[in-house]
Amino acid sequence: MSDHAAHVSAETVRGNGQGSGRRRGGGKGDRVMVPPAEFRSYYGRPIVKPPVWTHDVAAYLFTGGLAAGSALVAAGADLTGRPALRATGRVAALAAVGASGYLLVKDLGRPGRFLNMLRVAKPTSPMSMGTWILTAFGAAAGAAAVAEAAPYLPRRGALGLAARALPTAGRVGGLVAAGTAPALATYTAVLLADTAAPSWHEAYPRLPFVFAGSALASGGAAGLIGAPVAEAGPARTLAVAGAALELTATHGVEHRMGLLSEPYRTGKAGRLLRAARLLTAAGAVGALVGARSRAVSALAGVALLAGSAATRFGVFEAGRASAEDPKYTVLPQRERLAARGDA
Amino acid sequence: MAGPNSFYGPIDPAADAGWTEAPPRMGFFTDTSVCIGCKACEVACKEWNAVPDDGFDLLGMSYDNTGQLSANTWRHVAFIEQAAPPSEAAMDVLREAEASVSTQFLGMPSSTLPGSSGREDRDLRWLMMSNVCKHCTHAACLDVCPTGSLFRTEYGTVVVQEDICNGCGYCVSACPYGVIDRREDDGRAWKCTLCYDRIGEGMTPACAQACPTQSIQYGELDELRDRADKRVEVLHQRGVPEARLYGHDPADGVGGDGAFFLLLDEPEVYGLPPDPVVTTRDLPAMWKHAGVAALTMAAAAVVAFLGRRP
Ligand code: SF4
Ligand code: SF4
């Protein structure tokens, strides 16, 4: 029997509500949050593969949302005559979309691998669709941001000609960017949901709203940081509305999906999402009470940006955790079978 | 051509992918009731496909030191040790399989099964199963691949073209069985090709060829499905009621597997999902929800700016 001790038995494992099914239940640190459920597995090993994506992808979720929100703010400011808010939005959008491109290429290893994706357009692949959305948005946002340089160009000569053409080009670019912005902000939710990571897939009706809210909050936040209070009114409205949407939809993800909500409340993801809630709520309150103070508004903006980033990292971690523990794959599928009467 | 069942439901995958006059769909039937755990399939696969080793790693669990299917393991033999006496009928089936194998076979250290000798004092039941890519009818890996690197062959199988793969890793997260994986050194995705190069020449895939007990059977999928149904019946008659098929049903969540199994316990015991569903089944609904969220965003922006013209 001596070799038996070296073997981990593959018999029934008891889920303990906080992590690896490899551990048997009943241990000391066993804080049960949901009724422990019996399930079986192959030595507690994951069934689906945890994502191979690094935190670059989580950061990409944030920068993409920030770019989208900022582009909407910029276009609105352009159309309603708010030059400082417009400039802020355009510069933030370009910087954020630039960061997105950088993160994507970094995750793939080299630029050629990004271009690889521009040789196909595949509707069944959210990543393929996203690549096109990002490319279209990036070009338009770039044009809009460059137009902000017009006042600094000489009035005469070839550059003068450019200076006179720029505002129109900027408006067109800004509007195209704003038109693609909602797609840029929400496709990433489909990107995560269209996987076998149980807690990402299950969240598909809710994640787009989490990300839409988070994008609006961060775009509004950029406006609060970069524009004087006299112009920042609509950015403030968007920041607060976005924060409300982000908080509500995230609450749904954390509580309305049964066992598959658990990874959003526990471990690293749980800590990140709790921090996100505090930051986002504080930012929203700050944005409301600080309507007359540039400093308070800017602080609120920083809190909202941090909250949005924490939300993205939290969602990212929750999906990974749900793939790592086989109970999140086995138990819901068992329930599904039982409901069909097949088990 | 793409049709209403392109995402979900029974379908002929080669025709759906645009192949005209495709040959019959080919697949594997892996009958675990006669698997003796010799790992000939793992070895043959590695040799034929020149798959690098995974580094020698003692996992301290059972006879399995590979642990899972991965970029460098395209056939994986799972060993399950259960603290329950095996049924005599199931052991008879196995002993027959074992007896059919020459003791010289592949220089196996022993001609007996793990657990078959000394079993009386250990009271252990051993399950062994050679796992592989399922070559799903609705393959999530293929659906989500943004480069077109993963494609459907004329035999209905799913193959990666490594020269096109950009290593994005989307397929890894999409596979409901945890099969396909990214290789550390070249950053590309790899998995079983069902020996695309061999079957094109009319040869049998390396693993099936090497399997000494015919636990791995290769052939036309329709024919394999018939054979599997009959096999289950025989096993039930011989007193092995726990025998069941897995992945054989074209009406299941992935439209049926091109590589399916006969198991002797619940799928999750072997590390298989009990009720896999291709994630892209819900893709239209996902885009719909994203669309509503996108419109919400746009509307919020319009209201925020129009609500307060300066
Ligand atoms: S089992 Fe996974 S890797 Fe194999 S075809 Fe199906 S989805 Fe693709
Ligand atoms: S890693 Fe390669 S095969 Fe997998 S989805 Fe990306 S490009 Fe396609």
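Residues numbered from 1 in each chain as written. Chains lettered and ligands numbered in written order. Predicted model: local features only at pLDDT ≥ 70, side-chain atom pairs only at ≥ 80, totals over all residues. Heavy atoms only, no water.

The name that an unreviewed UniProt entry assigns to chain B is 4Fe-4S ferredoxin, with the source organism given as Asanoa siamensis.

Threshold: UniProt positions are given in the numbering used here, feature names are shortened, and annotations may be inferred rather than shown by experiment.
If you check an unreviewed UniProt entry, chain A appears there as Polysulfide reductase from Asanoa siamensis. The UniProt entry for chain A carries the following comment under Sequence similarities (unreviewed entry): "Belongs to the NrfD family." According to its UniProt record, chain A has this under Subcellular location (unreviewed entry): "Cell membrane".

## Quick notes on the overall build of chain A
Which entries qualify depends on this criterion: Runs of H or I in DSSP of at least four residues are treated as helices and runs of E of at least two as strands, each being numbered from the N terminus. Exposure was quantified through the Shrake-Rupley algorithm and a 1.4 Å probe, taking into account, for residues, occlusion by the shown protein chains and nothing else.
Each helix and strand in chain A was counted, giving 13 helices and two strands. When the accessible area of chain A is evaluated, it comes to approximately 13,400 Å², of which 65% is carbon and sulfur surface.

## Examining the overall build of chain B
Definition in use: Only protein chains enter the calculation, and the probe is 1.4 Å; a residue is then buried if its accessible area is under 20% of its type maximum, exposed if over 50%, and partly exposed in between. Whether two residues touch is decided by their heavy atoms; if any such pair falls within 4.5 Å, the residues are in contact.
Helix and strand counts for chain B come out as ten helices and ten strands. A buried classification covers 60% of the 310 residues belonging to chain B. Long-range contacts, defined as pairs at least 24 residues apart, comprise 69% of the intrachain contacts of chain B with a sequence gap of at least 6. Accessible surface, chain B as shown: approximately 12,300 Å² in total, 54% of it carbon and sulfur.

## As for the UniProt feature "transmembrane region" (unreviewed entry) in chain B
Sites flagged by UniProt as "transmembrane region" (unreviewed entry) map to residues 286-307 of chain B. Taken end to end, residues 286-307 of chain B comprises 95% helix and 0% strand; its first and last C-alpha atoms sit 31 Å apart.

## Let's talk about the sheet that holds strand β8 (residues 216-220) of chain B
All names here are of chain B. Convention followed: Each pair of strands is called paired provided DSSP finds at least two bridges between the two strands. To obtain an axis, a line is fitted to C-alpha atoms, over the contacting stretch when the element is a helix, and the angle between two such axes runs from 0 to 180 degrees between their N-to-C directions.
Across the sheet, four strands lie side by side as β8-β1-β10-β9; this open sheet has mixed pairing. The sheet is open, and its two edges are formed by β8 and β9 (244-246), each paired on a single side. Neighbour-to-neighbour, the strand axes of the sheet open up by a mean angle of 25 degrees, direction not taken into account. Direction of pairing for β9 relative to strand β10 (residues 259-263): antiparallel, over a ladder of three bridges. Within the sheet, the bridge partner assigned to leucine 245 lies in β10 and is leucine 262.

## Overview of the nonpolar core
As a reminder, the rule being used: We define the nonpolar core as a collection of buried residues of types Ala, Val, Leu, Ile, Met, Phe, Trp, Tyr and Cys that are connected through side-chain atoms lying within 4.5 Å of one another. Start and end points for every domain follow an automatic or database-based domain assignment.
In terms of nonpolar packing, the biggest core is built from 176 residues, with Trp53, Phe137 and Tyr264 of chain A together with Phe28, Leu150 and Tyr270 of chain B touching the most fellow members. When residues in this core are grouped by element, the largest group, 14 residues, is from helix α2 (residues 55-79) of chain A. Both of domain 1 (13-103 + 119-277) and domain 2 (281-310) of chain B provide at least three residues apiece to this core. If near-sequence neighbours (up to four positions away) are discounted, leucine 150 of chain B is found in contact with Cys141, Leu142, Cys145, Val158, Val159, Val160, Cys171, Ile180 and Lys191 of chain B. Grouped together as the second largest cluster of nonpolar side chains are six residues, Val190 and Ala193 of chain A together with Leu283 and Met286 of chain B included.

## Some details on the domain arrangement of chain B
As assigned here, chain B comprises domain 1 (13-103 + 119-277) and domain 2 (281-310). For domain 1 of chain B versus domain 2 of chain B, the separation of C-alpha centres amounts to 44 Å.

## Details of the side chain of threonine 195 of chain A
All names here are of chain A. Note the following rule: Here a polar contact means two N or O atoms within 3.5 Å. Within protein one must be a hydrogen donor candidate and the other an acceptor candidate, and residues neighboring in sequence count only if both atoms are side-chain atoms.
Looking at where threonine 195 falls in the secondary structure, it is placed in the loop between α6 (157-193) and α7 (198-202). At 2.8 Å, the side chain of threonine 195 and the backbone oxygen of leucine 192 are in polar contact. In terms of polar contacts, threonine 195 uses its side chain to reach the backbone amide nitrogen of alanine 197, at 3.3 Å.

## Focus on the packing of aromatic side chains
Residue and element names in this part refer to chain A. What counts, and what does not: Stacked, tilted and edge-to-face pairs are distinguished by plane angle, under 30 degrees for stacked and over 60 for edge-to-face with tilted covering the rest, among Phe, Tyr and Trp rings (Trp via its six-membered ring) whose centres lie within 6.5 Å.
The full count for this structure, using the stated rule, is eleven aromatic pairs over all chains. Ring centres of tryptophan 200 and phenylalanine 316 lie 5.9 Å apart, and the angle between their planes is 45 degrees; on these two criteria the pair is classed as tilted. One end of the pair, tryptophan 200, is in helix α7; the other, phenylalanine 316, is in helix α12 (residues 294-324), with 116 residues separating them in the sequence. Tryptophan 200 gets classed as buried once you look at its relative accessible area, which sits at 0%.

## Section: the UniProt feature "transmembrane region" (unreviewed entry) in chain A
Here the UniProt feature "transmembrane region" (unreviewed entry) sits at residues 57-75, 87-105 and 125-147 of chain A. The span residues 57-75 of chain A carries 100% helix and 0% strand; its end-to-end C-alpha distance comes to 27 Å.

## Digging into helix α3 (residues 83-108) of chain A
An α-helical turn contains 3.6 residues, so any two residues separated by three or four positions project in the same direction. Definition in use: One less than the number of residues in a helix, times 1.5 Å, gives the span that helix is expected to have.
The terminal C-alpha atoms of α3 of chain A lie 37 Å apart, and with 26 residues this matches the ideal 38 Å at 1.5 Å per residue to within 8%. Following α3 of chain A by one or two positions, glycine 109 of chain A adopts a phi angle in the positive range, close to 110 degrees.

## Here's the deal with α6 of chain A
We apply this condition: To get the bend at a residue, fit one axis to the 7 residues ending there and another to the 7 starting there, then take the angle between the axes.
Taking 1.5 Å per residue as the helical rise, α6 of chain A with its 37 residues ought to reach 54 Å, and the 53 Å between its terminal C-alpha atoms agrees with that figure. If you look at α6 of chain A, its biggest bend is around 35 degrees, right at threonine 180 of chain A, and the proline proline 182 of chain A turns up within four residues after that.

## Side note on the interface of chain B and chain A
Interface extent is often summarised as the accessible area lost during association of the parts. Rules: The term buried area denotes the loss of accessible surface (1.4 Å probe radius) that occurs when two parts are joined, taken as the sum for both partners. Salt bridges are identified by distance alone: a Lys or Arg side-chain nitrogen within 4 Å of an Asp or Glu carboxyl oxygen.
Residue-level contacts link 80 residues of chain B with 74 residues of chain A. In total, about 6,400 Å² of surface goes out of reach between chain B and chain A, with carbon and sulfur atoms giving 60% of it. Counting the surface chain B buries against chain A, the share from its top three residues, Tyr170, Met297 and Phe305 of chain B, is 13%. Where chain B meets chain A, there are five salt bridges. Linking chain B to chain A there are 26 residue pairs in polar contact (both at pLDDT 80 or more). Every element with two or more residues in the side of chain B that touches chain A is listed here: β2 (75-82), α5 (140-144), α6 (170-174), β6 (181-182) and α10 (283-306) of chain B.

## Some details on the site of ligand 1
Spelled out, the test is: A molecule or strand has a residue near it when one of that residue's heavy atoms lies within 4 Å. Three classes are used: nonpolar for Ala, Val, Leu, Ile, Met, Phe, Trp, Tyr, Cys and Pro, charged for Asp, Glu, Lys and Arg, and polar for all others, with Gly counted as polar.
Ligand 1 sits among 14 residues. The nearest are Cys133, Lys134, Cys136, Cys141 and Cys175 of chain B. In terms of residue class, the shell around ligand 1 is built from eleven nonpolar, one polar and two charged.

## Description of the pattern of salt bridges
All names here are of chain A. Taken as a whole and assessed by the stated rule, the structure comprises 24 salt bridges over all chains. Salt-bridge contacts for arginine 90 lead to aspartate 78; the nearest nitrogen and oxygen are separated by 3.3 Å. Here arginine 90, found in helix α3, pairs with aspartate 78, found in helix α2; they are twelve residues apart in sequence, far enough to count as distant. Overlapping salt bridges, with partners in common, bring together Asp78, Arg86, Arg90, Glu148 and Arg171 in one network.

## Remarks on the pairing of strand β3 (residues 125-132) of chain B
Residues and elements named next belong to chain B. A large share of β3 lies buried, amounting to eight of its eight residues. Side chains Arg125, Leu127, Met129 and Asn131 project from β3 onto one buried face, and the interleaved Trp126, Met128, Ser130 and Val132 project onto a second face that is buried too. Both β2 and β3 contribute to a ladder of eight bridges, which runs antiparallel. The residue of β3 that forms the bridge with valine 77 is serine 130.

## Digging into the packing of α6 of chain A against helix α8 (residues 207-226) of chain A
Residue and element names in this part refer to chain A. Going by this rule: Helix crossings are classified by the rotation of the near helix relative to the far one: an anticlockwise turn of less than a right angle makes the crossing left-handed, while a clockwise turn makes it right-handed.
Relative orientation of the contacting elements α6 and α8 amounts to 145 degrees, with a least axis distance of 8 Å. In this structure, the crossing between α6 and α8 has a hand that is right-handed. Where α6 approaches α8, its residues Ala185, Thr186, Thr188, Ala189 and Leu192 are matched on the opposing element by Leu207, Pro208, Phe211, Ala212 and Ala215.

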